Amino acid sequence: PSHKTRQNANGNRRGFECPEERDYYPYWQPTLQGNYDKDSQKTAWLDAAYLGQGCEKVIKNSFNTEDKYRCVLNKYRDYGMSITKDACELEGGSWVKFTSYLEVLDDITNKDDCEAKNKATPRNTIIWAPLRSDSTDSKCIVKAPRAACGTIPFTRVNHLGNSFLHANNASRFEWDIPHFPSGSAKRCVVRVRYNITTMDYDPSQTSSDQNGDNSPVTNDPTIDVFENGNGLALAINTAQFGRTFQDRSHIFQILPRLKSMSGKKIHNLNVRGQRGNLAQNFPSVEYDFVPDKLTVKQDDLVHIQWAGINTNVAGRAGEGKDGTDRNNFVELSGDPDTSYPYILSKAPFWNNVVSLTDPSSSGHDIAIALASSGYFCGKAASKTCPAGMSVDGNDRDALQKQLDNAPASYFGHVIAFKGPGQVYYMCTRNNNFTNRS
């Protein structure tokens, strides 16, 4: 079984992680990340790789492209520990091929309708086939799209931050969310890994078998560069070679589009970073809108939203109640080098937008909702804004001036534009010079 790595020779395990699968990527064998669950769809399309092993190899062997095998024991969902066919047979199991998919269209129950759906959905490849080789029960399967693979943006050595490719901005991956033909909401997990790769040995051919005396590299070796027996020592820790320093997972939801959004590009405008100053947050960052400079076409849509928590590390720099995140969105009354927002009723930007998620909201209502992080839903009561949650009819406590009693996370609005324009914006709470947005 997979349980050892060069950095984890004793096979220690934390939570549900598989250390070998974590530390060696791409990892072609069956993994815990590939489990199927009757209540969720396999999200193999999240397989995006940035490695020096060549994109052709990564894409060809990705579960998005190539079906994978798994050792199945007596029960349908009883999986063995083996990751090769021979070992599986010794374990008494069957080597079963599994088909990767984006989703299964359970409402389509025959091949003809499935093929018709494939022709009508050019963005996806949809097939009629079993999900696994030990089954004859065919399903209408939406295949996972081709994995994204590319070269990482170059940054200064030992600098976890801005890249040359994204001038004045942190390294980033612009992700085009896949299309789900079912139109159903999807609960998804995105996994982010920060890998360090060294080419002092072939990483694709090196495993825990090369630990100890078989290691191609050694700790703090002395190199006889003078050829006189008096060498120079290298500061090398083999546990730091070719390893994963960060392995983070985040859960989010993808909602189906409304009819009014059909065929339009939606840009996601949200907030990154966390509470604290630069030193406290490293290697993360302080609060910041992302993307920090967004150019859209007139027919494009923008979803302004953010997520926050009330359980940040205590004692970190920031405004408002200790340990909490709060964000809002207000139009600046001047250029980006100014610090004061417009009074909402006089902010010109909101005269140029409409909300597709709440068409009954006026531009002023949208401005109020985003400025209060959803504490207020608009100026006055409406079909979608209860009187007690409006500015005019509020029957709760007054909005705390640093948003302490506003929601930490806010769904926001998906907005469309009436015409061309430009807006500079800020967050009133996170505008301290030591941790500003």
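Refer to the structure printed above.
Let us look at the structure shown here.

Analysis parameters
- Residues numbered from 1 in each chain as written.
- Predicted model: local features only at pLDDT ≥ 70, side-chain atom pairs only at ≥ 80, totals over all residues.
- Heavy atoms only, no water.
- Salt bridge = Lys/Arg side-chain N within 4 Å of Asp/Glu carboxyl O.
- Helix = DSSP H or I, 4+ residues; strand = E, 2+ residues; numbered from the N terminus.
- Buried < 20%, exposed > 50% of the residue type's maximum accessible area, 1.4 Å probe, protein only.
- Pairing = 2+ DSSP bridges.
- Contact = heavy atoms within 4.5 Å.
- Axes fitted to C-alpha atoms, helices over the stretch in contact; angles between N-to-C directions.
- Disulfide = S-S within 2.5 Å.
- Core = buried A, V, L, I, M, F, W, Y, C linked by side-chain atoms within 4.5 Å.
- Phe/Tyr/Trp six-rings, centres within 6.5 Å; stacked < 30°, edge-to-face > 60°.
- Lys NZ or Arg CZ within 6 Å of the ring centre and 35° of its normal.

What follows deals with the pattern of salt bridges. The tally for this structure, following the rule as stated, stands at nine salt bridges. Between Asp288 and Arg272 there is a salt bridge; the shortest N-O distance is 2.9 Å. Of this pair, Asp288 sits in strand S11 (residues 288-290) while Arg272 is found in strand S10 (residues 266-272), placing the two residues 16 residues apart along the sequence. With a relative accessible area of 19%, Asp288 lands in the buried category. Judged by relative accessible area, which is 23%, Arg272 ranks as partly exposed. Asp404 serves as the salt-bridge partner of Arg429, at 2.9 Å between the closest nitrogen and oxygen. In this pair, Arg429 sits in the segment after strand S16 (425-426) while Asp404 sits in the loop between helix H6 (363-371) and strand S15 (410-417), placing the two residues 25 residues apart along the sequence. For Arg429, a relative accessible area of 4% puts it in the buried group.

To summarise the sheet geometry, strands pair through backbone hydrogen bonds and adopt either a parallel or an antiparallel arrangement. Read from one edge of the open sheet, three strands run S3-S5-S4, paired in antiparallel fashion. The open sheet is flanked by strand S3 (103-104) and strand S4 (126-130), the only strands paired with a single partner. Contacting S4 and strand S5 (138-142), helix H4 (residues 111-120) runs over the sheet at an angle of about 150° to S4.

A separate point is H6. Most of H6 is tucked away, with eight of its nine residues classed as buried. Of all the positions in H6, only Gly363, Asp365, Ile366, Ala367, Ile368, Ala369, Leu370 and Ala371 are classed as buried. Next to the buried residues of H6 lie strand S12 (301-306), strand S13 (330-331), strand S14 (353-355) and S15. In the stretch just after H6, Ser373 is the one whose phi turns positive, near 55°.

Time to look at the state of the cysteines. Tallying each qualifying case throughout the model produces three disulfides. Shown here is the disulfide that connects Cys71 with Cys88, its sulfur atoms set 2.2 Å apart. A torsion of 85° about the S-S bond marks the disulfide between Cys71 and Cys88 as right-handed. A residue pair is termed long-range when its members are at least 10 positions apart, and Cys71 in strand S1 (residues 68-72) and Cys88 in helix H3 (residues 85-90) qualify at 17 residues. Owing to a relative accessible area of 1%, Cys71 belongs among the buried residues under this scheme. Put simply, Cys114 and Cys140 are joined by a disulfide, and their sulfur atoms are 2.3 Å apart. A torsion of 90° about the S-S bond marks the disulfide between Cys114 and Cys140 as right-handed. One end of the pair, Cys114, is in helix H4; the other, Cys140, is in strand S5, with 26 residues separating them in the sequence.

S12 sits mainly inside the fold: five of its six residues count as buried. The pairing of S10 with S12 spans four bridges and is parallel. If you follow Leu269 over to S12, its bridge partner there is Ile304. Two elements, S12 and S15, share four bridges in a ladder whose sense is antiparallel. Across the sheet, residue Trp306 finds its bridge partner in S15, namely Tyr410.

One finds Ile304, Trp306, Phe329, Trp350, Val353, Leu370 and Ile415 to be the most contacted residues of the largest nonpolar core, which totals 21 residues. Counting residues per element, the ones that place at least two in this core are S10, S12, H6 and S15. For this core, the element with the most residues is H6, which contributes four residues. In this view, Leu370 contacts Ile304, Trp306, Asn328, Phe329, Trp350, Tyr410 and Gly412; residues no more than four positions away in its chain are not counted. In terms of nonpolar packing, the next biggest core, distinct from the first, is built from ten residues, Leu105, Cys114, Val142 and Cys188 among them.

One pass over the full model with this rule turns up eleven aromatic pairs. When the centroid spacing of 5.1 Å and the interplanar angle of 80° are considered together, the rings of Phe289 and Tyr425 count as edge-to-face. In this pair, Phe289 is assigned in strand S11 and Tyr425 in strand S16, connecting sequence segments 136 residues apart. Overall, the relative accessible area of 6% leaves Phe289 in the buried class. A ring pair is formed by Phe349 and Trp350, whose centres lie 4.9 Å apart and whose planes are at 75°; its orientation type is edge-to-face. Among the aromatic residues, ring-to-ring pairing joins Phe289, Phe329, Phe349, Trp350, Phe417 and Tyr425 into one connected group. Positioned over the ring face of Tyr79 is Arg70, at 3.9 Å from the centre of the ring.

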